[in-house]
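# Observations on the three-dimensional arrangement
This is what each chain is made of:
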Amino acid sequence: MFTPRGKGLTGRFLIVAGVAAALSLSTMPAQAADIPAPGEIVMSQNIEHVTNVPKPAALADINTDIAFQGDYAYVGNYSGFSIYDIKHPKRTSVVSSVVCPGGQMDMAVYGNLLFGAVDSSRNNDSCSSTSQSAANKNSWEGVRIFDVSDKKNPKYVKAVETNCGSHTLTLVPGKGADRSNVYVYVSSYGPNDSFPDCRTPHDKISIIKVPLAKPADAAVVSTPVLFPDGGNPGEPDKQYPYRTSATTGCHDITSYPEKDIAAGACMGEGILMDISDPVNPKVTSTVRDDENFAFWHSATFNNEGTKVIFTDELGGGGAATCNEAIGPNRGANAYYDLSGTTLTFRSYFKIPRHQADTENCVAHNGSLIPVKGKDIMVQAWYQGGISVVDFTDSANPREIAFFERGPDNTAPALSGGFWSAYYYNGYVYGSDFNLGFDVLRINDPLTNQAKSVKMDIFNAQTQPSYGHGANHGG
C-alpha cells in the first residue's frame, strides 16, 4: 500500500463495456497492443460481475482496505470510511459514510469496534484535523477507534498515538482469561531524525491493548524491537527496479491466532513470529530476497499454516510494473513452504496479462478462498485487476480466474485499480481506488465448495482457520 506522504491463465475471457453485461469473446491479451480500452472490462468465463457501487460523494479521496462483519462491509478511504449493507450482494448499498481524513485507513473490525490506521501526520486527532509536518512535536498519527454498533451513526471513541503513525494494523484477540481484550499490532515505517516521534532506528512495532468493555482505555502496552541487528541494510546504491529496501519497520503483519503465529512483511525482509504471548511477540525466522524483491509488502498463510505468500510492492503501488520490461519475477508473489520455523522459497507468481505504462500494477492485498484440501487465493493487483490463483502446488502456482478493467481514465495516470480483493461468504469484494466497491462471484468446480463456509467476521490480516458449514466468530 502506498502513501503520498514524505516521512498462466489461458483460454478465453469476456469483454464487457463499463459494468454492463458481456458483449463478446476474444483471446486473452498477452501484449500491450491487446490492453482493454478505458472503461472496458475483461474477465474469465468463470467470473460474474455482480454489481458496482460508486464511491460515496462525501469521500473525495481513494478507497483502500476492507473488513467484514455479519451483513456489512467496512471500506476505508483516505478521507474516512463507509459501511455497506451486503446482506443481498446484488443490492449492495451504502449505509453510512464517516468523513475523517488521515490516510490510509487500513481497516479492522471486532465486536462493536472499528479500527482505522492513520499514517498521515495531523495537527490533532480529530476528524476535522488537517495535515501538519511530523517535525512538529504536537502532530498526531496512529489509530482511531470507532463504535459501529449503530451502522447509520458510527461514534468516534478513542485515538491512540503510535511511533511513526500506523500504516497498517492487525488484530490479535486475547485468549482464555485475556479474552476480554484485543491487541492491535501497528506497523509503520519511514523514520527521520527530524521527526520527534519517529526517529531512527525504527526497528519495532507498537502494540495497543484494547479492553473491549472500555475501549476508551486503549493504550500502547509494548513496542517490541523485531530487528535488534538493524534488519536488512538495503541497497541504496542500486537504482529502481533493482534496489531492495532497507528495513526500518514493518509494512504489514498477518496473524494466525489459532496457531499462535504471525508473518510480517517488513520492507527488506519477511519474518515469522511466535505470538503466543501477544504483548511480547518473538521473531522465529527471517527470509530475504535481494535478487527480486524490492519491498516486502504483505503476507498470507495457507489454511494449514504450512505455506506463506509474501508480496513485493515494487514501485510503491504507483508504478507500471506488469509489463515486459519489468518481467515476471519483480512486483510478484513469492511462495514459501513453512515447516516448523523454517521458510523455504518455492516460486514466484505474477499475473500473465501485460498492462499499459499508464497503469499502476503490482501484487497487493488478497485472501484465501476457503476450499478444503486446496490452497486458492484471490488478490488485488491495482490496475492489473483481481486474480484468483491456485497455489496448492507451491512450486507451480496458476491463475484460474481474473477480472480487470482497462486503464482508469477517470483519474491521473498510475493512480487507480483495486487496492483490496477479499472472499467473504460466497462472493469476492473489491475496493477500487476511484470507481467504488465491486462485487464478484466465481463459479468454478475448484472453488464452489467454498460457498458452504460462512463467517461472522473477517479481517484479512487476522486469519481464521476454515472448515465447511461452520460459522467463525470473533
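Residues numbered from 1 in each chain as written. Predicted model: local features only at pLDDT ≥ 70, side-chain atom pairs only at ≥ 80, totals over all residues. Heavy atoms only, no water.

Under the criterion given, the structure shown has 4 disulfides. The side chain of Cys100 participates in a disulfide bridge whose partner is Cys127; the two sulfur atoms lie 2.0 Å from each other. Torsion about the S-S bond of the Cys100 and Cys127 cystine: about -85°, corresponding to left-handed handedness. Taken together, the residues span a long stretch of sequence, with Cys100 in the loop between strand E8 (93-99) and strand E9 (104-110) and Cys127 in the loop between strand E10 (113-122) and strand E11 (140-147) at a distance of 27 residues. Across a sulfur-sulfur distance of 2.0 Å, Cys322 and Cys361 are joined as a disulfide pair. Judged by the sign of its S-S torsion, about -75°, the cystine formed by Cys322 and Cys361 is left-handed. Pair noted here: Cys322 is in the loop between strand E22 (307-312) and strand E23 (333-339) and Cys361 is in the loop between strand E24 (342-349) and strand E25 (366-369), with a separation of 39 residues, a long-range link. In this pair, the class of Cys322 matches that of Cys361, namely buried. With its bonded cysteines labelled in order along the sequence, the chain shows the pairing 1-2, 3-4, 5-6, 7-8. (Disulfide = S-S within 2.5 Å. Helix = DSSP H or I, 4+ residues; strand = E, 2+ residues; numbered from the N terminus. Buried < 20%, exposed > 50% of the residue type's maximum accessible area, 1.4 Å probe, protein only.)

On the basis of which strands lie adjacent, the open sheet formed by 4 strands has the order E17-E18-E19-E20 and antiparallel pairing. Either end of the sheet is taken by a strand with one partner, and the two such strands are strand E17 (252-256) and strand E20 (282-287). Between one strand axis and the next, the sheet turns through 20° on average, direction left out of account. In the sheet, E17 pairs with strand E18 (residues 261-265) via 5 bridges, with the strands oriented antiparallel. Looking at E18, one finds that Ser255 is bridged to Ala262. (Pairing = 2+ DSSP bridges. Axes fitted to C-alpha atoms, helices over the stretch in contact; angles between N-to-C directions.)

Right, let's talk about the pairing of strand E14 (residues 181-187) for a bit. Of all 7 residues that make up E14, 7 are buried, and the element is covered over most of its length. Residues Asn181, Tyr183, Tyr185 and Ser187 line one face of E14 and the alternating positions Val182, Val184 and Val186 line the opposite face, and both faces are buried. Bridge count between strand E13 (residues 168-173) and E14: 6 bridges; the pairing is antiparallel. Residue Leu169 lies in a different strand from E14, and its bridge partner there is Val186. Where E14 lies against strand E15 (residues 206-211), 6 bridges are found, and the strand directions are antiparallel.

Judged by nonpolar contacts, the single largest core of 31 residues is most densely connected at Ile66, Phe68, Ile86, Tyr429 and Phe437. Counting only elements with at least two residues in this core, the list comes to strand E4 (47-53), strand E5 (63-69), strand E6 (72-77), strand E29 (418-424), strand E30 (427-432) and strand E31 (436-442). Every residue in contact with Tyr429, bar those within four places of it in the chain, is listed here: Ile66, Phe68, Ile86, Pro89, Ser420, Ala421, Tyr422, Tyr424, Phe437, Asp438 and Val439. Within the second largest apolar cluster, 29 residues are counted, among which are Tyr74, Ala108, Leu114 and Phe146. (Core = buried A, V, L, I, M, F, W, Y, C linked by side-chain atoms within 4.5 Å. Contact = heavy atoms within 4.5 Å.)

Moving on, we get to unusual backbone geometry. Between Gly103 and Gln104 the backbone carries a cis peptide bond, its omega angle lying at 10°. Positionally, Gln104 belongs in strand E9.

Pairing is antiparallel across the open sheet formed by 5 strands, whose spatial order is E8-E7-E6-E5-E32. The two strands at the open ends of the sheet, each matched to only one other strand, are E8 and strand E32 (457-458). One ladder, built from 5 bridges, connects E5 with E6; its direction is antiparallel. Bridge pairing links Phe68 to Ala73 in E6.

In this section: the pattern of salt bridges. Tallying each qualifying case throughout the model produces 11 salt bridges. The partner of Asp337 in a salt bridge is Arg346, with the nearest N and O atoms 3.3 Å apart. Of the residues examined, Asp337 reaches a relative accessible area of 24% and is grouped as partly exposed. Among the ionic pairs, Glu404 bridges to Arg353, the shortest N-O distance being 3.1 Å. With Glu404 in strand E28 (residues 398-405) and Arg353 in the loop between E24 and E25, this pair connects stretches of sequence that are 51 residues apart. Arg353 matches Glu404 in its accessibility class, with the two residues each being buried. When salt bridges that share partners are traced, they join Arg353, Glu399 and Glu404 into one network. (Salt bridge = Lys/Arg side-chain N within 4 Å of Asp/Glu carboxyl O.)

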